[in-house]
2 protein chains.
Amino acid sequence: MNRQFAFRPVKVKQMNTQLDDTAPDGEPDATQLILTDIQSGLFPQGAWLKQIDLETRYGRGRNEIRRALDRLAQKRIVEHVPNRGYHVYKADGKQADDIAEIRIMLETGIIPKVVEMATADDIRNLRALANRFESLILHGTMLELYEANLNFHGALVQLSGNGELNSVIAELRQRTSSAPVSQWRTRARIEKSSQEHHQMVDLLEAGKADKLKALIETHIRQG
Amino acid sequence: MNRQFAFRPVKVKQMNTQLDDTAPDGEPDATQLILTDIQSGLFPQGAWLKQIDLETRYGRGRNEIRRALDRLAQKRIVEHVPNRGYHVYKADGKQADDIAEIRIMLETGIIPKVVEMATADDIRNLRALANRFESLILHGTMLELYEANLNFHGALVQLSGNGELNSVIAELRQRTSSAPVSQWRTRARIEKSSQEHHQMVDLLEAGKADKLKALIETHIRQG
DNA sequence: CCATCCAAAATTGGTACCAATCTAGGAGAA
DNA sequence: TTCTCCTAGATTGGTACCAATTTTGGATGG
């Protein structure tokens, strides 16, 4: 047969490029729902996640729950014990330090490139994100604060032009901050964080790479 | 009731701390099997992985195959298209560069600590691993070489004392090297790599952190 | 009173089946 | 012939069921 490429009406289908996909209907993936409930402190460290409970809570089939739990286990957010089930991972102190160390290496490592690449628009954008975090201290929930913080750091990382880095860092952050966000930090610490966000933008604008690196290091270490 | 902690014969059960678990019977997980077949080039880039084929090939139930494919999709080694199946991810050039960049940041970032921590035993061990790689150039398969290389770098990272770093780097490596190992590199490049392994051990023994960093950077970039 | 043992209930996890969807290939019209 | 439409086959993916394992709570014996 000759016509190897007949033209047919091709239905383009969206592929899953995201890590945690959302259904096109706006129905969020069960993985994300469970993760949020862990981060919000609803499921504390060590809690057992029973499949039936999750099934009824999120209104999903057993299958989707099982898949979600397996994914969270791969990300080491929950732990799987055969024939016993899944429970929320207990973050070790040493482990948290190790992960912070990795984040420091990555988030400071890209700073030279970030300083080089940042445009005036980028800096405006970062300022907006820093402001958003600041305003949420008073009027937002802890979860919103947590996400605003993620957005700020994510935007900074994005400037490096390294598309893979974001997913790697996001994954790392998910691993530690599964500690209840409710008692994330004290109010004083949060306000200090907010100030540091603004300082970071200032240092970036001034092009002071070394001082920015040092600030990020302390910022992550105390977080 | 008063006795909150009654002593019963406790059956200790092994938990899954590894990323890709192997069953206690020595039956390897389907995820690992498929991954190896991808890395060995049996399933080339873009190939569709049909569930029935995998089922018969590995002698596993449909369920385990599905779980394995989902895990590989989470790791971005395969891509999932709804109602069409899973196919081997096509590695982008830019993406490979980005991942190499991340590896450089991490593997050079820990060098100060590695230099500080390394004992004479550690150095002997590294030499042995470098020798093993060298000897496999002649008598080993490409897959064995690939794994020996992983072992060498893994041992080096291990010296940093950062337990999390290994899993992060291992995951990164899996993402790029899903390109067929068969045509991994030319013979000349492999021999150069082997030489560099030895040089790295030498520099580590001499305590020359900066030169070691530079060598690792070029080593990763050309790999 | 306390530890041990046993049976019932609950939970996990695998297998089989079936509906929804897509692809391949042939029949029919221009 | 060449394009379009349609049916048959293949594949994916969800649901339901059931076996294996564990936990719970009470009965039994020291």
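Here the structure is a predicted model, which is why all the values come from computation and not from measurement.

Asker: Help me out: how do you make sense of the pattern of salt bridges in this one?
Answerer: Two side chains with opposite charge may pair up if their charged atoms get near one another. Tallying each qualifying case throughout the model produces 36 salt bridges over all chains. One salt bridge connects Arg221(A) with Glu101(A), and the closest N-O pair in it is separated by 3.2 Å. Residue Arg221(A) is found in helix H10 (residues 209-222), and its partner Glu101(A) is found in helix H4 (residues 93-109); the two are separated by 120 residues along the sequence. Arg103(B) is the partner of Glu107(B) in a salt bridge, and the nearest nitrogen-oxygen pair spans 3.2 Å. Pair noted here: Glu107(B) and Arg103(B) are both in helix H4 (residues 93-109), with a separation of 4 residues, about one helical turn. The exposure class of Glu107(B) is buried, given its relative accessible area of 4%. The network of salt bridges with common partners includes Glu101(A), Glu217(A), Arg221(A) and Lys113(B).

Asker: How should unusual backbone geometry be read in this particular structure?
Answerer: Apart from glycine, the bulk of residues carry a negative phi angle, and the bulk of peptide bonds sit in the trans form. Its identity is not glycine, yet Asn83(A) carries a phi of approximately 65°, on the positive side. Following the sequence through the fold, Asn83(A) ends up in the loop between strand S2 (78-81) and strand S3 (85-88). The phi torsion at Arg76(B) lies on the positive side, around 65°, for a residue other than glycine. Residue placement: Arg76(B) occurs in the loop between helix H3 (62-74) and strand S2 (78-81). Using a relative accessible area of 17% as the deciding quantity, one classes Arg76(B) as buried.

Asker: Got a minute to help me understand the relation of the copies chain B and chain A in this structure?
Answerer: One copy of the chain maps onto the second through a rotation about an axis and a displacement along it. In screw terms, the move from chain B to chain A is a rotation of 180° and a rise of 0.1 Å along the axis, fitting with an RMSD of 0.1 Å. Look at the turn and shift together and you get a two-fold axis relating the two. Taken together, the interface assignments show that 100% of the residues at the interface of chain B recur at the interface of chain A, consistent with an identical surface on both copies.

Asker: Explain the nonpolar core here, please?
Answerer: In globular proteins that are soluble, nonpolar side chains generally tend to be buried together. Core analysis: the biggest nonpolar cluster contains 61 residues, and Leu106(A) and Leu106(B) have the highest contact counts within it. Apart from residues lying up to four places away in sequence, Leu106(A) is in contact with Leu165(A), Val168(A), Ile169(A), Leu172(A), Ile102(B), Met105(B) and Leu106(B). Core analysis: the second largest hydrophobic core is formed by 18 residues, Phe43(A), Leu49(A), Leu54(A) and Leu72(A) among them.

Asker: What is the right way to look at the sheet that holds strand S3 (residues 85-88) of chain B in this model?
Answerer: Within a sheet, neighbouring strands are paired by backbone hydrogen bonds and run either parallel or antiparallel to one another. Residues and elements named next belong to chain B. In spatial order, the strands read S1-S3-S2; together these 3 strands make up an open sheet with antiparallel pairing. A single partner strand is all that each edge strand has here, and the edge strands are strand S1 (48-49) and S2. Both S1 and S3 contribute to a ladder of 2 bridges, which runs antiparallel. Bridged to Trp48 within S3 is His87.

Asker: Could you clarify how one ought to interpret the interface of chain B and chain A in this entry?
Answerer: How big an interface is tends to be stated in terms of the accessible area lost upon association of its parts. Taken together, the contacts link 38 residues of chain B with 38 residues of chain A. The junction of chain B with chain A conceals about 3,300 Å² of combined surface from both sides, 50% of it contributed by carbon and sulfur atoms. Summed over the three residues of chain B that lose the most area to chain A, namely Gln74(B), Met105(B) and Glu164(B), the buried surface amounts to 19% of that side. Scanning the region where chain B abuts chain A turns up 8 salt bridges. Between Glu101(A) and Lys113(B) there is a salt bridge, with its nearest N and O atoms 3.8 Å apart. Viewed at the interface, chain A and chain B are joined by 14 residue pairs in polar contact (both at pLDDT 80 or more).

Asker: Is there a simple way to think about the domain arrangement of chain A in this case?
Answerer: Assigned domains of chain A: these are domain 1 (30-88) and domain 2 (93-222). Each of domain 1 of chain A and domain 2 of chain A has a C-alpha centre, and the two are 28 Å apart.

Asker: How should the sheet that holds strand S1 (residues 48-49) of chain A be read in this particular structure?
Answerer: Residues and elements named next belong to chain A. A sheet is described by the order of its strands in space; here 3 strands give the open sequence S1-S3-S2, paired in antiparallel fashion. The sheet is open, and its two borders are formed by S1 and S2, each paired with just one other strand. In this structure, S2 lies alongside S3, joined through 4 bridges in antiparallel fashion. Across the sheet, residue His80 finds its bridge partner in S3, namely Tyr86.

Asker: Can you walk me through the pairing of S3(B) in this structure?
Answerer: Consecutive side chains of a regular strand alternate in pointing toward one face of the sheet and then the other. The two faces of S3(B) match: Gly85(B) and His87(B) on one face and Tyr86(B) and Val88(B) on the other face are all buried. Hairpin connection, S2(B) to S3(B): the antiparallel pair is bridged by 3 residues, and Asn83(B) has positive phi, about 65°.

Asker: How do you make sense of H3(B) when you look at a structure like this?
Answerer: Residues spaced three or four apart along an α-helix face the same direction, because each turn holds 3.6 residues. Under the 1.5 Å per step criterion, the end-to-end length of H3(B) is 19 Å for 13 residues, consistent within 8% with the ideal 18 Å. Turning to H3(B), its buried residues number three or more, namely Ile65(B), Ala68(B), Leu69(B), Asp70(B), Arg71(B), Leu72(B), Ala73(B) and Gln74(B). Looking at the buried positions of H3(B), the neighbouring elements they touch are helix H3 (62-74) of chain A together with helix H1 (30-39), S1, helix H2 (51-58), S2 and S3 of chain B. Immediately downstream of H3(B), the backbone of Arg76(B) shows phi near 65°, a positive value.

The rules behind these values
Residues numbered from 1 in each chain as written. Chains lettered and ligands numbered in written order. Predicted model: local features only at pLDDT ≥ 70, side-chain atom pairs only at ≥ 80, totals over all residues. Heavy atoms only, no water. Salt bridge = Lys/Arg side-chain N within 4 Å of Asp/Glu carboxyl O. Helix = DSSP H or I, 4+ residues; strand = E, 2+ residues; numbered from the N terminus. Buried < 20%, exposed > 50% of the residue type's maximum accessible area, 1.4 Å probe, protein only. Least-squares fit on C-alpha atoms with pLDDT ≥ 70 in both. Contact = heavy atoms within 4.5 Å. Core = buried A, V, L, I, M, F, W, Y, C linked by side-chain atoms within 4.5 Å. Pairing = 2+ DSSP bridges. Buried area = accessible area lost by both parts, 1.4 Å probe. Polar contact = N/O pair within 3.5 Å; in protein donor to acceptor, adjacent residues only side chain to side chain. Domains from an automatic or database assignment. Expected span 1.5 Å × (residues − 1).

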